[in-house]
Amino acid sequence: MRTVRFQIKDRVSYGLVEPRAGVDTVSELKGDRPEQFALTGRVYPLREVKLLAPVVPSKVVCIGLNYRDHARELGMTIPSEPVIFLKPPSCIVGPGETVVMPPESDDVQYEAELAIVISREARKVLPEDADKYIWGFTCFNDVTARDLQAKDAQWTRAKSFDTFGPVGPWVVDGLDPADLEISCYRNNERVQHSRTSEFIFSVQEIVAWVSQIMTLLPGDIISTGTPSGVGPVVSGDIVTVEIQGIGRLENPFRR
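These figures come from a predicted structure and were not determined experimentally.

## Things to note about the packing of aromatic side chains
- Scanning all chains against the criterion turns up seven aromatic pairs.
- With 5.1 Å between their ring centres and 85° between their planes, Y67 and F199 make a pair best called edge-to-face. Pair noted here: Y67 is in the loop between β6 (60-63) and α1 (68-74) and F199 is in the loop between β16 (189-195) and α4 (203-213), with a separation of 132 residues, a long-range link.
- An aromatic cluster is defined as three or more aromatic residues linked by ring pairs; in this entry it consists of Y14, F37 and W135.

## What about the sheet that holds strand β18 (residues 231-232)?
- Taken together, the three strands give an open sheet; going across it, the order is β13-β10-β18, and neighbouring strands pair in antiparallel fashion. With one partner strand each, in any of the chains shown, β13 (144-145) and β18 form the two edges of the open sheet.

## Comments concerning the sheet that holds strand β15 (residues 181-186)
- If you trace the five strands from one edge of the open sheet to the other, you get β9-β20-β19-β15-β16, paired in mixed fashion. Each of the sheet's edge strands pairs with one partner strand only, and the pair in question is β9 (99-100) and β16.
- In terms of strand pairing, β15 meets β16 through six bridges, oriented antiparallel. Considered in β16, the bridge of C184 is made with Q192.

## Quick notes on unusual backbone geometry
- The omega torsion across G168 and P169 is 5°, close enough to zero to call that bond cis.
- Among the structural elements, P169 can be located in strand β14 (residues 165-172).
- With a phi angle near 55°, A21 is a residue other than glycine that sits in the positive phi range.
- Mapped onto the fold, A21 is located in the loop between β2 (11-20) and β3 (23-30).
- Given the relative accessible area of 87%, A21 is considered exposed.

Rules behind the numbers
Residues numbered from 1 in each chain as written. Predicted model: local features only at pLDDT ≥ 70, side-chain atom pairs only at ≥ 80, totals over all residues. Heavy atoms only, no water. Phe/Tyr/Trp six-rings, centres within 6.5 Å; stacked < 30°, edge-to-face > 60°. Helix = DSSP H or I, 4+ residues; strand = E, 2+ residues; numbered from the N terminus. Pairing = 2+ DSSP bridges. Buried < 20%, exposed > 50% of the residue type's maximum accessible area, 1.4 Å probe, protein only.

None of this, on its own, says anything about what the molecule does.
Rendered as structure tokens:
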């Protein structure tokens, strides 16, 4: 199922995207997490609603290096455990929203990533139980001010500017994340291309490992790292993250 968060007029709701008579529609849901969801009976054409970021996380946890091809590209040793960092919830924007390139950076870059969305409180989870805590998956762009990342002793500033976390367009459940094609396009030119079979740490290992450190809450995002091919954008570029079984997340970049 594809679960969206959407706005119609002045109302924001969750909904299920379903085809009806050959047209994609959104069936409105009440509640704000999977176990609370119930259909309201209201249905809207998808083209008539505004899609928002599909979740409102309390935190965004990111994996710093999780593709073997990216490690080879950087000449880095394969890590023995996940390297994590946080992005603030204030970085989140939805599909189609503008990523604002800050004046502090001259080297803003894209990073296409598969994001895990947590369904319920998770603490000290075992890898074999991790799937029970996963709502589904979505597309994420871990936008980074690369020059500031190189300059600072840690990554918070480079990763945390407002709008540096495009996510969407929806959360897809029932998806096997073990071998999905992932691509990134800059102005329709493919600049990243890999498969999640290149992961160093599996989705289940990541959820379990992060939950040993911090309690994960419903709607939290864990972004699973980016493949090789990261690179810069300029004002006016449109960057698209595309993941097999999920779809496309497209955002313009502006100074």
